Amino acid sequence: MARSPKNPETMVVDLSSGKKIYFASDLHLGIPTREKSREREKAFVQWLTEAEKDAALIVLAGDLFDFWFEYKHVVPRGHVRLLGKLAELHEKGIEVWVFKGNHDMWMKQYLVEECGVKIFEKNVIIEAGGKKIECGHGDALGPGDKGYKFIKKLFGCRFLQWLYARFHPNFAFGLALFFSKSSRLANEGEDEEFKGEDKEFIIRYIKEVPEEKRADFYVFGHRHLPLDLEIDKAKYINLGEWVHHKTYAVFDGEVSLEKFEC
């Protein structure tokens, strides 16, 4: 394991024997209802089962859960199908990386200890098949968006997390569920639109990377809009989300954006 010249950690993945890397993001389990969330969870487990046939690595790029908080002895109710599948993949020797998203940034060690995944807070550069892929959740990248960056930093404060953990779980999870059910993603059809390169923070982030340090591919979530764009000789893939799109990406020497039909 080595470090890249920039901030992201660089990790090498062996793609011998026709293996591939799979990427998915923004499952947002928990919204809009338990029934619809469970239906989406079953579809995602089905996708994982398909992916494991030739996966060297599965990257889950954040917001698996619409809310996640770990007390010392308490974790969110539900999601047992997904958690069981992640544990099964680990036992089969298939590595799974999970990036913290803005909705589940309070992950700690539960998924590591119980499911065997690796959890990342920052972007990672994958070296595979002679190419470089920078991946992560995709939030708080690029210039601007200072309000969101301030809130993210606030939520990342350990003291505030400690204070929140003083609430009884029934109240803490109930409060989070209230805000989750009032979110746009939970209540409306997906209406995200491409804002133009000058207003898309991730694209501005990519363009600011010096050419000699630029990756071949950039794969992120968070944006909720499936995108496959050429950006200054690099390729930018946004993974979309699974509430409406069920899109994902596959790397087998090139990165392609695909839709899961179930």
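For the structure itself, consult the block above.
What you see is a predicted model; the values in this text were computed from it and never measured.

Basis of the calculations
- Residues numbered from 1 in each chain as written.
- Predicted model: local features only at pLDDT ≥ 70, side-chain atom pairs only at ≥ 80, totals over all residues.
- Heavy atoms only, no water.
- Helix = DSSP H or I, 4+ residues; strand = E, 2+ residues; numbered from the N terminus.
- Rg over C-alpha atoms; globule rule 2.2 N^0.38 Å.
- Buried < 20%, exposed > 50% of the residue type's maximum accessible area, 1.4 Å probe, protein only.
- Contact = heavy atoms within 4.5 Å.
- Areas by Shrake-Rupley, 256 points an atom, 1.4 Å probe, with all protein chains shown as cover.
- Lys, Arg positive; Asp, Glu negative; His and termini not counted.
- Charge placed at Lys NZ, Arg CZ, Asp CG, Glu CD.
- Pairing = 2+ DSSP bridges.
- Axes fitted to C-alpha atoms, helices over the stretch in contact; angles between N-to-C directions.
- Arc of directions from axis to C-beta.
- Patch = residues over 30% accessible without salt bridge, like charges linked within 9 Å, V, L, I, M, F, W, Y side chains within 5 Å.
- Salt bridge = Lys/Arg side-chain N within 4 Å of Asp/Glu carboxyl O.
- 1 Å grid on protein atoms, 1.4 Å probe; cavity = no way out; pocket = protein on both sides within 12 Å on 5 of 7 lines; lining within 4 Å.
- Points joined across faces, edges and corners; volume = space filled by probe spheres on them.
- Nonpolar A, V, L, I, M, F, W, Y, C, P; charged D, E, K, R; others polar.
- Core = buried A, V, L, I, M, F, W, Y, C linked by side-chain atoms within 4.5 Å.
- Phe/Tyr/Trp six-rings, centres within 6.5 Å; stacked < 30°, edge-to-face > 60°.

(A) Geometry of the overall build of the protein. Summing up its helical and strand segments, the protein has 8 helices and 13 strands in all. Its C-alpha atoms give the protein a radius of gyration of 18 Å, near enough to 18 Å, the size a compact globule of 262 residues would have. Seen through its C-alpha atoms, the protein measures out along the principal axes to roughly 50 × 40 × 35 Å. A burial count over the protein gives 50% of its 262 residues as buried. Within the protein, residue pairs in contact and separated by at least 24 positions form 67% of the contacts whose partners lie at least 6 positions apart. A total of about 13,400 Å² of accessible surface is found on the protein, and carbon and sulfur atoms cover 52% of it. Side-chain charges of the protein comprise 40 positive and 43 negative groups, with the mean position of each set lying 5 Å from the other.

(B) How the structure looks around the sheet that holds strand β3 (residues 20-24). In space, the 6 strands of this open sheet follow the order β6-β5-β4-β3-β12-β13, with mixed pairing throughout. Strands at the two margins of the open sheet, each flanked by one partner only, are β6 (118-120) and β13 (255-259). When strand polarity is set aside, the average angle formed by the axes of neighbouring strands in this sheet is 20 degrees. Relative to β6, strand β5 (residues 95-99) is paired through 3 bridges, and the arrangement is parallel.

(C) Structural context of the environment of Gly196. Structurally, the position occupied by Gly196 is in the loop between α7 (184-187) and α8 (201-208). For the pair Gly196 and Gly62, spaced 134 residues apart in the sequence, the C-alpha separation amounts to 24 Å.

(D) How the structure looks around α8. Three or more residues of α8 are buried, namely Ile202, Ile203, Tyr205 and Ile206. Burial along α8 is one-sided: seen end-on, the buried residues are contained in an arc of 155 degrees. Where α8 is buried, its residues contact β8 (131-136), β9 (217-220), β10 (226-231) and β11 (234-239).

(E) View of a positive patch on the surface. The grouping of Arg34, Arg38, Lys42, Arg77 and Arg81 at the surface amounts to a positive patch. Of the residues forming the positive patch, the biggest block, 3 residues, is contributed by helix α1 (residues 34-51). When you line up the elements, Arg34 lands in helix α1.

(F) Geometry of the layout of surface pockets. Here the largest pocket defines a volume of roughly 720 Å³. Looking at the lining of the largest pocket, the elements with two or more residues in it are α1, α2 (80-91) and α6 (169-181). For the lining of the largest pocket, the leading source of residues is α6, giving 8 residues. Considered class by class, the residues forming the lining of the largest pocket number 11 nonpolar, 8 polar and 7 charged.

(G) Fine view of the nonpolar core. Membership of the largest hydrophobic core comes to 29 residues, with the highest contact counts inside it found for Phe44, Trp47, Ile58, Leu60, Phe65 and Leu86. Of all the secondary-structure elements, those providing two or more residues to this core are β3, α1, β4 (55-60), α2, β5, α3 (110-115) and β12 (247-251). When near neighbours in sequence (up to four residues on either side) are disregarded, Leu86 contacts Leu48, Leu60, Val96, Cys115 and Val117. With 23 residues, the next largest nonpolar core counts Leu15, Phe120, Val219 and Ile237 among its residues.

(H) Seen up close, unusual backbone geometry. Here Ile31 and Pro32 are connected by a cis peptide whose omega angle stands at -5 degrees. Among the structural elements, Pro32 can be located in the loop between β3 and α1. The phi dihedral of His79 falls on the positive side, at around 65 degrees, and the residue is not glycine. The exposure class assigned to His79 is buried, which follows from its relative accessible area of 11%. Unlike most non-glycine residues, His224 shows phi in positive territory, near 70 degrees. With respect to the secondary-structure elements, His224 resides in the loop between β9 and β10.

(I) Representation of the packing of aromatic side chains. Inspection of every chain in the model, using the stated rule, returns 22 aromatic pairs. Geometrically, the ring pair formed by Phe44 and Trp242 is edge-to-face, given 4.8 Å between the ring centres and 85 degrees between the ring planes. Remark: Trp242 occurs in the loop between β11 and β12 and Phe44 occurs in helix α1; sequence separation between them is 198 residues. Taken as a pair, Phe44 and Trp242 share a single burial class, namely buried. Grouping aromatic residues by their ring pairs yields a cluster made of Phe67, Phe69, Tyr71, Trp106, Tyr164, Phe167 and Phe171.

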